[in-house]
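Fold and geometry: a report
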Amino acid sequence: MGRYMTRRLMTAIPVVAGIMLLSFLLVQSMPGDPLRMLVPPDLLQGPEGEAFLEAQRERFGLNDPVIIQFFHWVGELFQGNLGFSFHLGAPVTEILGDRAGPTLILMGGSMIVALTLAVPVGLMAALRRNSAFDYTASAVGMSVIAIPSFFTALAAIYIFGVKLRWLPPGGMGQDGFGDFLIHAIMPIGVLSAALFGPYMRYTRQSALEVLNEPYITAARARGASRRLVVGKHTLKNAAIPIATVTIVQIPLLVGGAIVIETMFSWPGTGLVVFNAITTRDFPVIIGFTLVVALIVVVSQLFLDLFIAWLDPRVRIEG
Amino acid sequence: MVTDVAMEPLGLEAEPSVGQSPSSRAWRRFRRNKLAIGGLFFLTLVTVMSILAPWIAQDPNAVDLSVVLQPPSTEHWLGTDQAGRDVFARVLYGGRVSLLIGFASAISTVFIGLVFGTIAGYRGGVFDWIFMRLVEVVLSFPTLVLIIFFVTRFGRNVTTIVLVMALFQWPISGRLVRNMTVAIKEQEFVQAARAFGARGLHTTVRHLIPAAIGPLTVAGTLLAAQAILIESALSFLGFGLSPPTASWGSILNEAQNLTILETMPWLWIPPGLLITLTVLSINFVGDGLRDALDPRTSEMS
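Because the structure is predicted, anything quoted here is derived from the model rather than measured. (Residues numbered from 1 in each chain as written. Chains lettered and ligands numbered in written order. Predicted model: local features only at pLDDT ≥ 70, side-chain atom pairs only at ≥ 80, totals over all residues. Heavy atoms only, no water.)

By the definition in use, this model includes 14 aromatic pairs over all chains. Measuring from ring centre to ring centre gives 5.6 Å for F274 of chain A and F239 of chain B, while their planes differ by 55 degrees; the resulting arrangement is tilted. Placement of F274 of chain A in helix α12 (residues 269-278) and of F239 of chain B in the loop between α10 (200-236) and α11 (248-254) is noted, with the two residues assigned to different chains. For F274 of chain A, a relative accessible area of 16% corresponds to the buried category. Overall, F239 of chain B belongs to the buried group, its relative accessible area being 6%. Seen from their ring centres, F150 of chain B and F154 of chain B are 5.7 Å apart, and the 25 degrees between their planes marks the pair as stacked. Note that F150 of chain B and F154 of chain B are positioned in helix α7 (residues 143-154) at a spacing of four residues, about one turn of the helix. Its relative accessible area of 14% is what places F150 of chain B among the buried residues. Overall, the relative accessible area of 45% leaves F154 of chain B in the partly exposed class. The structure contains a cluster of three or more aromatic residues connected by ring pairs, namely F282 of chain A together with F149, F150, F154 and F168 of chain B. (Phe/Tyr/Trp six-rings, centres within 6.5 Å; stacked < 30°, edge-to-face > 60°. Helix = DSSP H or I, 4+ residues; strand = E, 2+ residues; numbered from the N terminus. Buried < 20%, exposed > 50% of the residue type's maximum accessible area, 1.4 Å probe, protein only.)

So, in structure tokens, the structure goes:
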């Protein structure tokens, strides 16, 4: 396990470094003085502002070579400083952190809903391959992949919000849990519809691969019941690739969350980023993409270590 | 067709095929797939109509305030929008933008992936290691946000959108090419070619790239579908091409209010349906191509 861990970390650390480097390049490509995004804006007011700026430029080492600046920037990063918003006059970490809750609820909720629907359907489709059920599931899966989530959202708002008036067309309910739930149904429903397609197809494919393994044939030959073969062997072994795909899909899911949050006025980080784009508030945008990328890489790392801990084959071969 | 060369090196000539080239067999297999043929038909129809837009439709940007928000009629087949512009014309001209960006991005993405993937897979070692880490780095970022960032920063035009999409999508095709190259490099016919004195570049061009064309065509269709979806999201959020240029996503953006949603379905249903059906068709064609080009996978999925 120790050796696998070292080897896995040896690939993860350069990736994290690469993510930071790419983000730093984005920061460098920003228009304007990079110092202005590192300093609280109220310190830049008045005539002392310029002198202060010059002193800070020296202090932050902005007269240093770019490579030294990069290490300074990474140092700030490790202290949780993602810079300051151009327009909101607050640290990016604070702006994003304050709004992280609703986004995590939206994304987490959609993942859970999509998985509880997609895994059984995908598994069933694999077990009854080439049946009517399999074809229907595939057709539904392909269709939901093709529908842009904003179109699903418009249709949902039209049907449930405007025509039937069952659900509120936007906002996040503040009046207790019931109100919150009613507001959450449409955003989570639409986002999970977008996730259902890839999750279902992937479950089906992984299950098909597992079902072709000799140990499944062996289990069946020994007289293991269908329920045991599916429940224990197939699902257990297909779970690993399914878990991996949920993480791989996060960057796409984030894009979907931004669209959904804007359409439903869901007060999460997606809405913050949307507003940051319209006001060209680059530090917020870069900070957000950096955080997402780091989350993806770190969760991938933990998942891989967890898999290796469960499955000795990965430790030896992988 | 290039597909001839694609099949032979993999040693897939198992079934007896007298007097038939692999490409004609692939086409026969493709033709049997009804969904793929249906998709190809719809795609051709949409493409031809978009190309012929100047001859079929009216001026998409002609503002006429005397006919604002009219329902479909013989004069305006899909009604008019808030500025009295003909929605049918905007949908057709929008198709030009969406399809152009979709296919141009897919081709650029595949090309970058082909170059990087072949080098990484063929050279191996440090090249390969750096390549694989770079792929992981790029794929960790939320693509939509980065694309929007670059487009708002460097200009809302077709070239920027296409280049930026290729810049953040190439790892998908690159990794595919790289894996194929690694697998093919070890095959006997390549080793034989090397033993006969074939040099690096020659082996690559002669054997590795032709073998990758089939899977890359399939990946290309999926990337085109993906690019159309990304572009539509970009335009829907209002960060696509600058107005008044229409794209399917931007028509939907203008329709984003409850009154329009409720009472003027002609403003938002047609472009939304077109995006969906186009992406679905491309995916059907992609699936059909995969089964037709590689007989082994048709059994698997």
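All names here are of chain B. Tracing the backbone through its elements, the reader meets D86 in the loop between α4 (53-56) and α5 (87-123). Judged by relative accessible area, D86 falls into the buried class, the value being 4%. Distance from D86 to Q58, taken between C-alpha atoms, is 7.1 Å for residues 28 residues apart in sequence.

Within the secondary structure, A62 of chain B is located in the loop between α4 and α5. Between the C-alpha atoms of A62 of chain B and A89 of chain B, which are 27 residues apart in sequence, the distance is 10.0 Å.

What follows deals with unusual backbone geometry. Residue and element names in this part refer to chain A. Despite not being glycine, S265 has its phi angle at roughly 45 degrees, a positive value. S265 gets classed as partly exposed once you look at its relative accessible area, which sits at 43%. The phi dihedral of R280 falls on the positive side, at around 55 degrees, and the residue is not glycine. Residue position: R280 is located in the loop between α12 and α13 (282-310).

A word on the confidence of the model for chain A. Looking at chain A, the pLDDT average stands at 83 and 91% of residues meet or exceed 70. Highest mean pLDDT in chain A belongs to helix α5 (residues 100-127) of chain A (91); lowest belongs to helix α2 (residues 48-59) of chain A (71). (pLDDT = per-residue confidence, 0-100.)

One finds W73 and F150 of chain A together with L237 of chain B to be the most contacted residues of the largest nonpolar core, which totals 129 residues. Element by element, the count of residues in this core is highest for α13 of chain A, at twelve residues. In this view, W73 of chain A contacts M20, S23, F24, V27 and L290 of chain A; residues no more than four positions away in its chain are not counted. (Core = buried A, V, L, I, M, F, W, Y, C linked by side-chain atoms within 4.5 Å. Contact = heavy atoms within 4.5 Å.)

Residues and elements named next belong to chain B. Within the element layout of this structure, S247 appears in the loop between α10 and α11. Look at S247 and you get buried, because its relative accessible area is 2%. Side-chain polar atoms of S247 contact the side chain of E231, separated by 3.0 Å. One polar contact links S247 to S235, side chain to side chain, over a distance of 3.0 Å. Residue contacts for S247: discarding those within four places in its chain leaves G94, V97, S98, E231 and S235. (Polar contact = N/O pair within 3.5 Å; in protein donor to acceptor, adjacent residues only side chain to side chain.)

Quick look at the packing of helix α8 (residues 176-211) of chain A against helix α10 (residues 226-248) of chain A now. Residues and elements named next belong to chain A. Running from N to C, α8 and α10 cross one another at 140 degrees; their axes reach a closest spacing of 9 Å. In terms of their interaxial angle, α8 and α10 are classed as oblique. Along this stretch, α8 crosses α10, giving a crossing that reads as right-handed. Every residue of α10 that contacts α8 at Y199, Y202, T203, S206, A207, V210 and L211 is listed here: H233, T234, N237, A238, P241, I242, V245 and T246. Considering only residue class, the contact of α8 with α10 consists of nine nonpolar, six polar and no charged. (Axes fitted to C-alpha atoms, helices over the stretch in contact; angles between N-to-C directions. Parallel < 35°, antiparallel > 145°, perpendicular 65-115°, else oblique. Left-handed = near helix turned anticlockwise from the far one by under 90°. Nonpolar A, V, L, I, M, F, W, Y, C, P; charged D, E, K, R; others polar.)

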